[in-house]
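Report on the structure
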Amino acid sequence: MPRDAADSRARRRTGRMNRADRLNRADGLPPAAGAAVMATAVLSVGLHLLGVEWASLALLVVALLVWLFLAAVFARHLLTERDRWRREIDTPPALTAVAATAVLGTRLSLLGHQPVSIALLCLSALLWPPLMSHVIRHWQSKVPGAAYLVCVATQAIVVLAATVATADRQAWLMWPALALFVIGLVLYGVVLFRFDFRQLATGRGDHWIIAGAMAISALAGSKLVAAAVPDGALRWATPAHDALRIVTLVALGIAFAWYAVLVVCELRWPRLHHDVRRWATVFPLGMTGVASLSTATAADVPALWTCGKVLLWPALAVWAVVAVGAFRSARDDARTPTVPADLSPPR
């Protein structure tokens, strides 16, 4: 074979294998990448509440595209790599599939796309039992911050169910939502008991979920409290309404306290390198702001609205920093050459 032809054939073969390698890298995204959808969608919700609709819709499009891509990766692992899929669903980050689906559904419901939101509610509710079972059965004696996703995923379903119920006047949805709300709070307590508090100094980003889980619990509570207003989906009894209001305010107060502690920890032990788990930092930052905005209206505490507005902008700034880090990481991976072991240079 002429040398030029051999060179051309080798280059084509190398190109095909490099393209396959890039596909495998993208396909190899860890389940923790689902936090990117959670973070982006919740910021879209926050901007919607503040009336910055163009930015909210832009983030919604980003969240939707990333969700579709990750759903395709999840489906591919299920169909073609069952062993890998089983290993992944045993880890807490697998629950980002539930939480991301529910948070995205909440934003779509606020946009008026109720059939799509109901479909996403059904999907998240179907994913919740098997994924929760797998994750809890594989808990260690000490768990990382990602373990709080058992609470986040549960409360995300509550938020979506309550949002859909209010929009479509489906009062019956509020009762299972209330039951899940209580379960989510119990799960938070269980994880807190097993949490490795050294993560506050050594965690790579997911330790922030200790605050995000309380923030989304407050958001879920505010949605349930809002059902008691005259035009709400359901009239709770007065004692139940008062109890929910108190629990919601307490949950938000705990989220604020953890927020402050975690900021101090970040200043004391800076972690400046990019890590996919940093999306799990953006989510609590944004969720605390959104929970403040929602609770301000539901619990009639106007000062919380100002607090929510103040908290949302740092969350957007951190989202931008993490997004740039993710882009650079993906670019560097794409530029890394791959030389197949069985391909020797042409002679």
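One structure accompanies this document, and this report is about it. Counting of residues starts from 1 at the beginning of each chain's written sequence and follows it residue by residue. Local features in this predicted model are restricted to residues of pLDDT 70 or higher, and side-chain atom pairs are both shown and tallied only at a pLDDT of 80 or more, whereas totals for entire chains, interfaces and linings draw on every residue. Water and hydrogen atoms were dropped before computing side-chain values, which therefore reflect all heavy atoms in the structure.

**A few points about the overall build of the chain**
Helix and strand assignments come from DSSP, with helices taken as H or I runs of at least 4 residues and strands as E runs of at least 2, each series counted from the N terminus. Each helix and strand in the chain was counted, giving 13 helices and zero strands. In the chain, buried positions account for 48% of the 347 residues. Residues count as neighbours in contact if any of their non-hydrogen atoms are within 4.5 Å of one another. When contacts within the chain are restricted to residue pairs at least 6 apart in sequence, those whose partners lie at least 24 apart make up 81%. All accessible areas in this document rest on Shrake-Rupley with a 1.4 Å probe, and a residue is counted as covered only by the protein chains that are shown. Accessible surface computed for the chain: about 16400 Å², of which carbon and sulfur atoms make up 67%. Remark: exposure states derive from per-residue accessible area (1.4 Å probe, protein chains only) relative to the maximum for the residue type, with buried under 20%, exposed over 50%, and partly exposed in between.

**Section: the nonpolar core**
Leu43, Leu95 and Val152 are the most contacted members of the largest nonpolar core, which has 103 residues in total. The biggest single contributor to this core is helix H7 (residues 149-168), with 14 residues. Non-local contacts of Leu95, meaning those with residues more than four positions away in its chain, are made with Leu131, Met132, Val135, Leu149, Val150 and Ala153. The term nonpolar core refers to a set of buried residues drawn from Ala, Val, Leu, Ile, Met, Phe, Trp, Tyr and Cys, joined through side-chain atoms within 4.5 Å.

**Quick notes on the pattern of salt bridges**
We define a salt bridge as a contact between a side-chain nitrogen of Lys or Arg and a carboxyl oxygen of Asp or Glu at a distance within 4 Å. A complete count under the given rule lists seven salt bridges for this structure. Between Glu266 and Arg278 there is a salt bridge, with its nearest N and O atoms 3.0 Å apart. Placement of the pair is Glu266 in helix H11 (residues 238-268) and Arg278 in the loop between H11 and helix H12 (279-298), with a sequence separation of 12 residues. Here Arg277 makes a salt bridge to Asp275, at a shortest N to O gap of 2.9 Å. You can call Arg277 partly exposed: its relative accessible area is 35%. A single salt-bridge network, built from bridges that share partners, covers Glu81, Arg84 and Glu88.

**Some remarks on the packing of helix H3 (residues 53-80) against helix H4 (residues 82-89)**
The interhelical angle for the contact between H3 and H4, taken along N-to-C directions, is 125 degrees, at an axis separation of 6 Å. With respect to H4, the axis of H3 lies oblique. Touching Phe74, His77, Leu78, Leu79 and Thr80 of H3 are Arg82, Arg84, Trp85 and Glu88, all from H4. Throughout this entry, Asp, Glu, Lys and Arg are counted as charged residues, while Ala, Val, Leu, Ile, Met, Phe, Trp, Tyr, Cys and Pro are counted as nonpolar. The remaining residues, Gly among them, count as polar. Within the contact of H3 with H4, the residues separate by chemical class into four nonpolar, two polar and three charged. For helices, the fitted line uses only the C-alpha atoms of the stretch in contact; every axis is such a line through C-alpha atoms, and the angle between N-to-C directions lies from 0 to 180 degrees. Every angle not falling under 35 degrees, over 145, or within 65 to 115 is termed oblique; those three ranges are roughly parallel, roughly antiparallel and roughly perpendicular.

**Description of the packing of aromatic side chains**
We call Phe, Tyr and Trp rings a pair once their centres come within 6.5 Å, taking the six-membered ring for Trp, and we label the pair stacked below 30 degrees between planes, edge-to-face above 60, and tilted otherwise. Tallied over the entire structure, the rule returns six aromatic pairs. For the pair Phe195 and Phe197, a centre-to-centre distance of 5.0 Å together with 75 degrees between the ring planes defines the contact as edge-to-face. In textbook terms, an aromatic cluster arises when at least three aromatic residues are bridged by ring pairs, as seen for Tyr148, Tyr188, Phe195, Phe197 and Trp258.

**Considering the environment of Leu311**
Structurally, Leu311 can be placed in helix H13 (residues 303-335). Given the relative accessible area of 12%, Leu311 is considered buried. A sequence separation of 25 residues divides Leu311 from Gly286, and the C-alpha atoms of the two residues are 7.4 Å apart.

**Side note on the side chain of Ser44**
One can find Ser44 in helix H2 (residues 34-50). The buried category is assigned to Ser44, whose relative accessible area is 0%. Those residues in contact with Ser44, other than ones at most four positions away along the chain, are Ser56, Leu59, Leu60 and Arg107.

**With respect to the environment of Glu53**
Topologically, Glu53 is positioned in helix H3. Since its relative accessible area comes to 26%, Glu53 is described here as partly exposed.

**Observations regarding H7**
Between the first and last C-alpha of H7 there are 28 Å, a value that for 20 residues agrees with the 28 Å anticipated at 1.5 Å per step. The element H7 is largely enclosed, with a buried count of 17 among its 20 residues. Positive backbone phi, at 55 degrees, marks Arg169, one or two positions downstream of H7. By this rule the span expected of a helix is its residue count minus one, scaled by 1.5 Å.

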